[in-house]
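What the coordinates show
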Amino acid sequence: MTGSALIVIDVQNDFCPGGALAVPKGDEVVRPINRLIQAFDHVVLTQDWHPKGHSSFASSHKGGAAFSNVAMPYGEQTLWPDHCVQGTPGAEFHIELVWSKAELIIRKGFRSAIDSYSAFFENDRATPTGLGGYLKERGLTRLVMAGLATDFCVAYSALDAARLGFEVTVAMDACRAIDLGGSLTSAEEQMRAAGVTLTQSTQLAA
Ligand code: VGL
Ligand code: ZN
């Protein structure tokens, strides 16, 4: 469809089984996403891309445990195991992801002092990545999202895109969640409330 783009979120080795921040069954998104990539005229990928010692890493905080929360100047931040470090194999896309068609790869989380779950804004919800402007300038206003993780980077991206006025659909079977303390249910509720359509990839690609 004209004006539509597929946004593939963080399908990287560290979010797949065996990776540093493995999302359960994260590799299962690859097959449906490859089908979606074939079906879309415009494809954008995001890549979590942290410098060593990033402030979202538990290892950067004295006594900080992975998956606990800390207060940062921009708000609450979950601490994670070191993951998606710039230039490492863990930051590369899953080997079976057929991504060569992508027109843009947008990297995020590259500023040490702030994390960025969303493809559109860093975790202060105010500093833009530039993706919103890129898509609008190209007339790509209908967005389909898929990838990892449903309840973090996918949900934050979908919510921000809806807030920016894009028409947003998430292919839920082409996403997998981390699910920390009910975060998946909460993410689904928030996406629905924001007018995001939650559907299955088979509805979007034959
Ligand atoms: C993500 C936690 C930390 C994600 C990225 O891609 O959902 N989650 N960095
Ligand atoms: Zn990250």
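Residues numbered from 1 in each chain as written. Chains lettered and ligands numbered in written order. Predicted model: local features only at pLDDT ≥ 70, side-chain atom pairs only at ≥ 80, totals over all residues. Heavy atoms only, no water.

**Observations concerning the sheet that holds strand S2 (residues 43-48)**
An order of S5-S2-S1-S6-S7-S8 is seen for the six strands of this open sheet, with the pairing classed as parallel. Strands at the two margins of the open sheet, each flanked by one partner only, are strand S5 (104-108) and strand S8 (197-199). Put simply, the sheet's adjacent strands are angled 25° from each other on average, direction ignored. The pairing of S2 with S5 spans five bridges and is parallel. Note on S5: the bridge partner recorded for Asp-48 is Lys-108. (Pairing = 2+ DSSP bridges. Helix = DSSP H or I, 4+ residues; strand = E, 2+ residues; numbered from the N terminus. Axes fitted to C-alpha atoms, helices over the stretch in contact; angles between N-to-C directions.)

**Looking at the pattern of salt bridges**
Under the defined criterion, the tally for this structure stands at seven salt bridges. In this structure, the salt-bridge partner of Lys-108 is Asp-10, at a minimum N-O distance of 2.9 Å. Here the residue Lys-108 occupies a position in strand S5, and Asp-10 occupies one in the loop between strand S1 (4-9) and helix H1 (30-39), the gap between them amounting to 98 residues. The salt bridge partner of Glu-103 is Arg-138, with a shortest N-O separation of 2.8 Å. Residue Glu-103 is found in the loop between strand S4 (75-78) and S5, and its partner Arg-138 is found in the loop between helix H2 (131-137) and strand S6 (142-148); the two are separated by 35 residues along the sequence. By sharing partners, the salt bridges in this structure join Asp-10, Asp-48 and Lys-108 into a single network. (Salt bridge = Lys/Arg side-chain N within 4 Å of Asp/Glu carboxyl O.)

**With respect to the packing of aromatic side chains**
Counted according to the given criterion, the structure contains seven aromatic pairs. Pairing Tyr-117 with Phe-152 gives two aromatic rings, centres 5.5 Å apart and planes at 70°, and the pair type is edge-to-face. Here Tyr-117, found in the loop between S5 and H2, pairs with Phe-152, found in helix H3 (residues 150-163); they are 35 residues apart in sequence, far enough to count as distant. Just as Tyr-117 is buried, Phe-152 falls in that class too. When the centroid spacing of 4.9 Å and the interplanar angle of 80° are considered together, the rings of Tyr-117 and Tyr-156 count as edge-to-face. Of the two residues, Tyr-117 sits in the loop between S5 and H2 while Tyr-156 sits in helix H3, which places them 39 residues apart along the sequence. On the basis of relative accessible area, Tyr-156 is assigned to the partly exposed category, the value being 24%. A network of ring pairs unites the aromatic residues Phe-67, Trp-80, Tyr-117, Phe-152 and Tyr-156 as a single cluster. Positioned above the aromatic ring of Trp-49, the side-chain terminus of Arg-107 is 3.8 Å from the ring centre. The residue whose ring lies beneath Arg-163 is Phe-121, and the NZ or CZ to ring-centre distance is 4.8 Å. (Phe/Tyr/Trp six-rings, centres within 6.5 Å; stacked < 30°, edge-to-face > 60°. Buried < 20%, exposed > 50% of the residue type's maximum accessible area, 1.4 Å probe, protein only. Lys NZ or Arg CZ within 6 Å of the ring centre and 35° of its normal.)

**Quick look at empty space enclosed by the protein**
Tallying each qualifying case throughout the model produces one cavity of 30 Å³ or more. Considered as a void within the structure, the largest cavity measures approximately 100 Å³ in volume. Along its surface, the largest cavity is lined by 13 residues, and Phe-15, Asp-48, His-83, Tyr-117 and Cys-153 are the ones closest to its centre. Partitioning the lining of the largest cavity into residue classes produces eight nonpolar, three polar and two charged. (1 Å grid on protein atoms, 1.4 Å probe; cavity = no way out; pocket = protein on both sides within 12 Å on 5 of 7 lines; lining within 4 Å. Points joined across faces, edges and corners; volume = space filled by probe spheres on them. Nonpolar A, V, L, I, M, F, W, Y, C, P; charged D, E, K, R; others polar.)

**Things to note about the packing of H3 against helix H4 (residues 183-193)**
Between H3 and H4, whose axes approach to 10 Å, the crossing angle comes to 15°. Here H3 is positioned roughly parallel relative to H4, judged by the angle of their axes. In this structure, the crossing between H3 and H4 has a hand that is left-handed. For the pair H3 and H4, the contacting residues are Thr-150, Asp-151, Phe-152, Ala-155, Ala-158 and Leu-159 in the first and Ser-183, Leu-184, Ala-187, Gln-190 and Met-191 in the second. Across the contact of H3 with H4, the residue classes break down as seven nonpolar, three polar and one charged. (Parallel < 35°, antiparallel > 145°, perpendicular 65-115°, else oblique. Left-handed = near helix turned anticlockwise from the far one by under 90°. Contact = heavy atoms within 4.5 Å.)

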